[in-house]
Amino acid sequence: VGPAAIVLMPMIVGGLIDGYGYSEQQAGNIAALEGLGLVASSALAAGWIRRVSWVRALWLAAGAYAAINLASGQVTAYAPLLALRFAAGFAGGNLFAVAVAALGDGREPDRAFGVAQAVQGVLMLGAFAAAPALLAAAGPPALYGLLAGFAVLAAAVALRFPDRGRHAAVVAGDGPAPHRGLIALGLVASVVFFVNVFGFWAFVERIGQAGGVAPATIGIALGASQVVAIGGALAAAAAGNRFGRYLPLLAVAVGQVVALGSLSGDFGVATYFAATGIFQACFIVGVAYQMGAIATLDVRGRYLVVMTAAQGLGSAIGPAVAAGLIRDGDYTGVLWLALAACVASTLAFLLIVRRSAAVDAPRAGQVVSAADR
């Protein structure tokens, strides 16, 4: 629920442009401010995530998220909406931080994050399927109302949530954390990966329209991409660390490069469906294995939360930078930005996996796989 607005951003961006008359740069800035709010809250969460009641934190964050989204639906002016979406990102980031900390505490974080991505995919499938009708009926306020409904759902789930994690006794004063160099590289690589994903994803609806795909068909394609993403998440959950992390991360890069390349020239509806589906599935699988890799190194249970800040930073930078690369309806620069960031981030994570293979074995109590070696 925390990053739901960022995932749904293509439809929100389109609604702001078509419904409110925003420019592409203004709509991109709205997306960027929401990501920055998530960054700020996630960075601060590293200080409190192991000290406070998770249930209370979820209730407070969910209440704030619902209220801010309802308020956003009443505002059309650019500057006030910027401020509200930053606040929404901040509240959503707190929801996200607690969920991520809980998932990382599991014995098999790769599998846990895969299941979580599948659940998120189901929610986003419903949201993308409903978005065209909601936008046609009431514009962006309808989408913000949908997000408020998600927050109510999160508050209900909090009733069965653990109050503390297994790292609850760990505090910052315990001395320097091991593996800081690899974790730092992972945080930077995560920023770059999310620049790739959300620089492209924020304008994927516009790219479809520029390619001649009908708006209604675009909504169906983006909804279908969530189905494919759910499949990718379930595959990651089923595989866990059975094949190591090296090969899945390499496959993610290849899949995204192919998807981006297929949209760089003339393309039809079938190509648009395939490209968006492959890109989303690879994104979901990539996040599961990237966070699993950091969870393995994060023996104190704190840096995994900071990784959500890195992801939020990337999701904020991506749309803003991508918007500046658009020239008279030409989105080639957006595609090249995503492709370059995808390759760079993958190379960094492959290095992390190779260097951290010796760390994985003692924690898991098993022999390091040949793929990770």
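Attention in this report is confined to the structure presented alongside it. Note that this is a predicted model, so its numbers are computed, not measured.

Helix and strand counts for the protein chain stand at 15 helices and 0 strands. In the protein chain, buried positions account for 56% of the 373 residues. Residue pairs in contact within the protein chain that sit at least 24 positions apart in sequence constitute 85% of those at least 6 positions apart. As displayed, the protein chain has an accessible area near 13,800 Å², and 68% of this comes from carbon and sulfur atoms.

Residues Ile-12, Phe-200 and Tyr-272 are the most contacted members of the largest nonpolar core, which totals 114 residues. The biggest single contributor to this core is helix H12 (residues 269-297), with 14 residues. Each residue touching Tyr-272, except ones within four places of it in the same chain, is listed here: Val-204, Glu-205, Gly-208, Val-213, Ile-218, Ala-221, Leu-222, Leu-263 and Phe-267.

Turning next to the packing of aromatic side chains. Remark: the centre distance and the inter-plane angle together describe each pair of aromatic rings, the angle taken between the planes. Counted by the stated rule, this structure contains 12 aromatic pairs. Judged by centre distance (6.0 Å) and plane angle (70 degrees), the rings of Phe-193 and Phe-194 are edge-to-face. Of the two residues examined, Phe-193 and Phe-194, each falls in the buried class. Members of the aromatic cluster, each reached through a chain of ring pairs, are Phe-193, Phe-194, Phe-198 and Phe-283.

On to the packing of helix H5 (residues 78-104) against helix H13 (residues 303-324), then. Interhelical geometry of H5 versus H13 gives an angle of 135 degrees and a closest axis separation of 8 Å. With respect to H13, the element H5 is oriented oblique. As H5 packs across H13, the resulting crossing turns out to be right-handed. Contacts between H5 and H13 involve Phe-96, Ala-97, Val-100, Ala-101 and Gly-104 from the first element and Leu-304, Val-305, Thr-308 and Gln-311 from the second.

With that settled, the discussion passes to the side chain of Ser-42. Its location among the elements puts Ser-42 in helix H3 (residues 24-48). According to the relative accessible area criterion, Ser-42 is buried, its value standing at 0%. Once residues within four sequence positions are removed from consideration, Ser-42 is found in contact with Gly-93, Val-305, Thr-308 and Ala-309.

A few words on the state of the cysteines. A full pass over the atoms with the stated rule returns 0 disulfides. Looking at Cys-282, it has no disulfide partner, and the nearest cysteine sulfur is the one in Cys-342, 8.1 Å off. Judged by its relative accessible area of 11%, Cys-282 is buried.

Scoring rules and cut-offs
Residues numbered from 1 in each chain as written. Predicted model: local features only at pLDDT ≥ 70, side-chain atom pairs only at ≥ 80, totals over all residues. Heavy atoms only, no water. Helix = DSSP H or I, 4+ residues; strand = E, 2+ residues; numbered from the N terminus. Buried < 20%, exposed > 50% of the residue type's maximum accessible area, 1.4 Å probe, protein only. Contact = heavy atoms within 4.5 Å. Areas by Shrake-Rupley, 256 points an atom, 1.4 Å probe, with all protein chains shown as cover. Core = buried A, V, L, I, M, F, W, Y, C linked by side-chain atoms within 4.5 Å. Phe/Tyr/Trp six-rings, centres within 6.5 Å; stacked < 30°, edge-to-face > 60°. Axes fitted to C-alpha atoms, helices over the stretch in contact; angles between N-to-C directions. Parallel < 35°, antiparallel > 145°, perpendicular 65-115°, else oblique. Left-handed = near helix turned anticlockwise from the far one by under 90°. Disulfide = S-S within 2.5 Å.

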